[in-house]
Amino acid sequence: MQVLIVIVVPLLLSALAGPAAAETIYVSNEQDNTVAVIDGATMTLSATIDVGRRPRGLALSADKKILFVAEGDGNRIDVVDLAKRQIVGQLPTGADPEFFVVHPDGKRLFVANENDNLVSVVDIAAAQVIGTVDVGVEPEGMAVSPDGRYVACTSETSSMVHLIDAGSLELVDNLLVDTRPRAAAFSPDGKRLWVSSEIRGTVTVFDTLTRAQTGKVQFEVQGIRREGVQAVGIEMSRNGGTAYVALGPANRVAEVDTGTLAVRRLYLVGQRPWHVALSDDQKHLISANGNSGDISFIDLENDEVLKSLPVGRGPWGVVVGP
Amino acid sequence: MHDDGVSRRRRRRAERLVTALLALLLFVVPGSAEPQPIAIGYLGQTRSPPMPLGPLDHFAADDGVQGARLGIADDDSTGRFLGQRFRLVERSLKPGEPPQDAIRQFAGEGITFVVADLDAGPLTQALAATGAERMLLFNSRASDDSLRQEACRKNLLHTIPSRAMLADGLAQYLAWKGWRHWFLLVGPHPEDQAMAAAFRRAAARFGAEISVDQAWIFRPANGRADTGHVTLQTEIPAATQVADYDVLVVADEADEFGAYLEGRTALPRPVVGTQGLVATGWSAVNQEWGATQLQERFRRQAGRWMMSSDYAAWLAVRSVGEAATRLNSVDPAAISVYIRGSEFLLAGFKGQGLSFRAWDGQMRQPILIAGSRLLVSSSPQPGFLHQRTPLDTLGIDLEESTCKS
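**A word on the overall build of chain A**
Of the regular secondary structure elements, chain A holds one helix and 28 strands. In terms of overall size, chain A behaves like a compact globule, its C-alpha atoms giving a radius of gyration of 19 Å where 322 residues would be expected to give roughly 20 Å. Oriented by its inertia axes, the alpha-carbon framework of chain A measures out at about 70 × 45 × 35 Å. For chain A, the proportion of its 322 residues judged to be buried stands at 52%. Counting only contacts in chain A whose residues sit at least 6 apart along the sequence, the fraction spanning at least 24 positions is 43%.

This is the structure:
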C-alpha cells in the first residue's frame, strides 16, 4: 500500500503541475519561416515545421487535423498536415494575408488582405477565393461569431471594425474604434465584440446586435509610459468570464474580468507578446513573445508564469491543438 | 363625364405631387448623399534636379505631393464609412515665384488646411500673406529650428522633424554605441552650418565630444568625370587626415560631398549624419511597425519609394483626416483645435502614436537611423528618459523653447 502511494502521488502531482496531456501548441515564427511544435505536457519543443515566408496568422481546421498558416510575404496560406508535420497544400488568399479565421461551417476561411483593403473568402476544399469584401485601410484582425453569422475585421489605418454578414458578404456596420486596432474577438455567447487598439492601449467592447459601445478597458502598467502599453492579441475563456490581452511592448499579458471590465492581474511574460492562447482545459495560457523569441507558459490556477521556452525568431501567432 | 373629371383631377394631383417630389429631390439629394468634401491645399515649389552624384540617384519632381495624395486616398478610404470626403487642391510655385497669390487663392476657395511643402523663406512669406491668418499650415519640408523657435506661429505645425530632432536622434544612437568622439565635417552652405549647430548641441546634450570640427573647403567636384574616383581617392584621405576619432559626422544637406567619404577616409571610420548612416523622419528602408503596407501603397501610386518629404506631407493630410474621423465632423475650427489638443494621436508606422507639441507645433515622432539598404535603429534609444514622454528627448523641449506665439 505504501508503495502504491509512493508511485501514485508523484504521478498525480506531475499530472496536476503540467498542462493537460496530449496537447500540442503551435507557434508561428515570423522571422524563421517556421512553425514551432511544442508538447504541452512537458512544455518542450518537439519539432519545427518549415513553412512559407513570414508566417503569422494560424488556425486549426474544424477537425483539428490541419493547421492553416498565413504566409505574409508568400501571398497564400499553407495547409499543414499535423500528423505528417509538413505542408500538404496551399490556398490562395490575395495579397499579404496577415490574419484569418476558419468559419464554423468548416468550409471557408475569411482572410484579411492587408495590402488590398479587402477581406477574401476562401473555399477550403476548392482552394479558391470565392468572394471579397471591401473594408478600410490595412485590414488586420479577424474574428467570427460562434453562430457563424458575423465576421469582424479591424482596419488599422481606418481605426475601424467592420462587421460582415458571413452569408451575404455585405457590410453590416463599420464601427469607429481607438487608433490602430489589431485584434477582434467575440464572446463565446456571441453577444459582445472586443477590439484592441495598439496605439491607445485599449480594448473597446461592443454589443454585437445593437453595435452600441458597452465599455472600454484602458490598460496601464506601473512604471511604463502610456506609449509603451499597447493592446494586441485577445483570447476569451470558454465560459466567457475572462479575457486575456497581450500588451505588446509592455511585456505583459492582462487578465480582464469580462463582466466588470476590471483588469484582475498582469502577467510578466517575454518581450513583446503578440498573441495568446488558452490550453484546452483552460488552466494554462501561452503567449508568443516576438522580441525575446520565446513563449511563456502561465499557470492560471496559481496565477504565475511557469516557464519560458525559446521557440525561434519572432514568435507571432499561437494556437493549441490536440 | 363625371368619371373623366375625377380621373383628370387625380392625374393633376398626382402630377403636382411628382413635381413637388422632384423639386424636393433636387434640393435634398445632392446635399445628403454627396457630402461636402474637406478641401486640403498643397503648396509646393518647382525644384530643379541637383547634380547627380551616382547612377543610382533618382530625382523625383513630385517629391512631397505624392505623399499628400496618398494621405487623401487614406483619408477617403476611412471617410467613406463615415460620409466624409477629402480633396487635395494642388499648387506649385515656379522658381522665384512668391507664395502670396497661391495663399490668397486658397483663402478664396475657403481652404483652411494647407500642406506647405516649402523652404523656410517662401514658408515665412506664405505665413505673412493675406488670408494665411485664418489657415492652419503644415510645414512638411523645412527643418529649420528657427521656425520652431523665434519665428514660430500659432497657425503653423511641423510634420517634418527639425534639425535638432535629427541630430538628437543620431546622437542618442551614437551614445548607445559608445562612439563618443566625433569628427564633425561641415559643408559651406548656411543649411550645413545650421545642421552642424544642431550636431554640436546634440553632442553637448548626450555626452559626446567633438574631437575635430572642420569645414569642407573643397569646391563641389563632378563625380561623373571619367576616372573621377582617382582624384577622389587621393583628395578624401588628405581632407580627412585628422587626429583620431570614433565616427565622422557629416553636415552636407545639399549632398555635394558627403557621399564621397565612405570607404575613403584616412582612418577606417564609419560615416554618419546627412550621408552614410542617416537620421531621418522617413526612409524607404523602413519595413517595421506595419510600414510595409504604407510603402507598398505609396509605391503603387507613385512608382517610386517614399521619401521623408512625402511622409511629412502624408502625416499632415492624415492629421486632418484623423481629427475628422475622431470628431465625426468636417468643421475646420473643431478639427484645428483637436489636432493641437492632448487627445490627438496619429498612427505613423513608427511604433507609437504621434502628436503635436503644444509649445512649438512640432510633431513629436521617432527618428529613424537608416542605412542604405536596411533600417539600423530608431531613436529615442532605451535609457534616455523624460518626465513626459521619451519622444521629447528629441529636439527642443518645453523648457528650452523660445517660441512666444
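**A short note on the overall build of chain B**
If you tally the helices and strands in chain B, you get ten helices and 15 strands. When each of the 405 residues of chain B is scored for burial, the buried share is 44%. A separation threshold of at least 6 residues defines the contact pool for chain B, and within that pool the share at least 24 residues apart is 68%.

**Details of the interface of chain B and chain A**
In this assembly, 13 residues from chain B lie in contact with 19 residues from chain A. Residue assignment for the side of chain B that touches chain A shows that the elements contributing at least two residues are helix H2 (65-79) and helix H8 (291-302) of chain B. Among the elements that make up the side of chain B that touches chain A, the one with the highest residue count is H2(B) (three residues). Looking at side-chain class alone, the side of chain B that touches chain A contains three nonpolar, eight polar and two charged residues.

**Looking at H8(B)**
Structurally, the α-helix is built with 3.6 residues per turn, so residues lying three or four positions apart point the same way. All names here are of chain B. The terminal C-alpha atoms of H8 lie 16 Å apart, and with twelve residues this matches the ideal 16 Å at 1.5 Å per residue to within 8%. Taken as a whole, H8 has its buried residues at Ala291, Gln293, Leu294, Arg297 and Phe298. An end-on view of H8 places all buried positions within 160 degrees of arc, on one side of the element. In this fold, the buried residues of H8 make contact with H2 and helix H9 (308-327). Positioned one or two residues after H8, Gly303 has a phi angle of 75 degrees, which is positive.

**Focus: the packing of H9(B) against helix H10 (residues 332-340) of chain B**
Residues and elements named next belong to chain B. In contact at an axis separation of 9 Å, H9 and H10 are set at 105 degrees when each is read in the N-to-C sense. Comparing their axes, H10 and H9 come out roughly perpendicular. Together, Ser319, Val320, Ala323, Ala324, Arg326 and Leu327 of H9 and Ala334, Ile335, Tyr338 and Ile339 of H10 make up the contact between the two elements. Partitioning the contact of H9 with H10 into residue classes produces eight nonpolar, one polar and one charged.

**Notes on the domain arrangement of chain B**
The accessible area lost on association of the parts is a frequent measure of interface size. Residues and elements named next belong to chain B. In terms of domains, chain B is made up of domain 1 (38-161 + 284-365) and domain 2 (164-280). The straight-line distance from the C-alpha centre of domain 1 to that of domain 2 is 30 Å. If you look at the interface, domain 1 gives seven residues, while domain 2 gives ten residues.

**Structural notes on the sheet that holds strand S25 (residues 284-289) of chain A**
All names here are of chain A. Overall, antiparallel pairing links the four strands, which are arranged S24-S25-S26-S27 in an open sheet. Sheet topology places strand S24 (273-278) and strand S27 (304-310) at the edges, where each strand pairs with a single neighbour. Each adjacent strand pair in this sheet contributes to an overall mean axis angle of 20 degrees, direction not counted. Note that S24 and S25 share five bridges and pair antiparallel. Paired with Ala277 across the bridge in S25 is Ile286.

**Focus on the sheet that holds strand S12 (residues 139-144) of chain A**
Residue and element names in this part refer to chain A. In space, the four strands of this open sheet follow the order S12-S13-S14-S15, with antiparallel pairing throughout. The sheet is open, and its two borders are formed by S12 and strand S15 (171-176), each paired with just one other strand. Adjacent strand axes in the sheet meet at a mean angle of 20 degrees when their direction is disregarded. With five bridges joining them, strand S14 (residues 160-165) and S15 adopt antiparallel strand pairing. Within S15, the residue paired with Val161 across the bridge is Leu175.

**Re the environment of A:Glu235**
Residue and element names in this part refer to chain A. Mapped onto the fold, Glu235 is located in strand S20 (residues 234-236). Under the C-beta neighbour-count criterion, Glu235 is labelled buried, with 21 such atoms within 10 Å. Considered as a pair, Glu235 and Trp194 are 41 residues apart in the sequence and their alpha carbons are 9.9 Å apart. Non-local contacts of Glu235, meaning those with residues more than four positions away in its chain, are made with Tyr244, Val276, Ala277 and Leu278.

**Side note on the domain arrangement of chain A**
All names here are of chain A. You can read the domains of chain A as domain 1 (44-176) and domain 2 (216-322). Once you take the C-alpha centre of each, domain 1 and domain 2 turn out to be 22 Å apart. Listed by contribution, the elements that provide at least two residues to the side of domain 1 that touches domain 2 are strand S3 (44-50) and strand S4 (55-60). When residues in the side of domain 1 that touches domain 2 are grouped by element, the largest group, five residues, is from S4. The residue makeup of the side of domain 1 that touches domain 2, split by class, is five nonpolar, two polar and two charged.

**Side note on H2(B)**
With 15 residues, H2(B) should cover 21 Å at 1.5 Å per step; its first-to-last C-alpha distance of 20 Å lies within 8% of that length. A large share of H2(B) lies buried, amounting to 13 of its 15 residues.

**Things to note about the environment of B:Arg85**
Within the fold, B:Arg85 resides in the loop between H2 and strand S2 (86-93). Given 17 C-beta atoms within 10 Å, B:Arg85 falls into the partly exposed group.

**Brief notes about unusual backbone geometry**
Across the junction of B:Ser379 and B:Pro380, the peptide omega takes the value 10 degrees, indicating a cis bond. Even without being a glycine, A:Leu169 presents a positive backbone phi close to 60 degrees. With respect to the secondary-structure elements, A:Leu169 resides in the loop between S14 and S15. What makes A:Leu169 partly exposed here is the crowd of 15 C-beta atoms within 10 Å. A positive phi angle, near 55 degrees, is found at A:Arg180, a position not held by glycine. Residue position: A:Arg180 is located in the loop between S15 and strand S16 (181-186). A residue is classified by how many C-beta atoms lie within 10 Å of it, and A:Arg180, with 29 of them, is buried.

**Some points on the packing of helix H5 (residues 163-177) of chain B against helix H6 (residues 190-205) of chain B**
All names here are of chain B. Relative to each other, H5 and H6 sit at 45 degrees, their axes nearing to 8 Å. Taken together, the axis directions place H5 and H6 in an arrangement best described as oblique. Both H5 and H6 take part in a crossing whose hand is right-handed. Counting all contacts with H5, which are made through Arg163, Ala164, Leu166, Ala167, Asp168 and Ala171, the residues of H6 involved are Ala194, Met195, Ala198, Phe199, Arg201, Ala202, Ala203 and Arg205.

**Brief notes about the nonpolar core**
Ranked by size, the top nonpolar core spans 102 residues in total, and within it B:Val115, B:Leu137 and B:Phe199 carry the most contacts. When residues of this core are assigned to their parent elements, the largest contribution, ten residues, is made by H9(B). Both of domain 1 (38-161 + 284-365) and domain 2 (164-280) of chain B provide at least three residues apiece to this core. Apart from residues no more than four positions distant in its own chain, B:Val115 is found in contact with B:Ile40, B:Gly41, B:Tyr42, B:Ala68, B:Phe138, B:Ser140, B:Ala313, B:Ala316 and B:Val317. Grouped together as the second largest cluster of nonpolar side chains are 89 residues, A:Ile38, A:Val232, A:Tyr244 and A:Ala277 included.

Quick notes on the rules
- Residues numbered from 1 in each chain as written.
- Chains lettered and ligands numbered in written order.
- Predicted model: local features only at pLDDT ≥ 70, side-chain atom pairs only at ≥ 80, totals over all residues.
- Helix = DSSP H or I, 4+ residues; strand = E, 2+ residues; numbered from the N terminus.
- Rg over C-alpha atoms; globule rule 2.2 N^0.38 Å.
- Buried ≥ 20, exposed ≤ 12 C-beta atoms within 10 Å, placed from the backbone.
- Contact = placed C-beta atoms within 7 Å.
- Nonpolar A, V, L, I, M, F, W, Y, C, P; charged D, E, K, R; others polar.
- Expected span 1.5 Å × (residues − 1).
- Arc of directions from axis to C-beta.
- Axes fitted to C-alpha atoms, helices over the stretch in contact; angles between N-to-C directions.
- Parallel < 35°, antiparallel > 145°, perpendicular 65-115°, else oblique.
- Domains from an automatic or database assignment.
- Pairing = 2+ DSSP bridges.
- Left-handed = near helix turned anticlockwise from the far one by under 90°.
- Core = buried A, V, L, I, M, F, W, Y, C linked by C-beta atoms within 7 Å.

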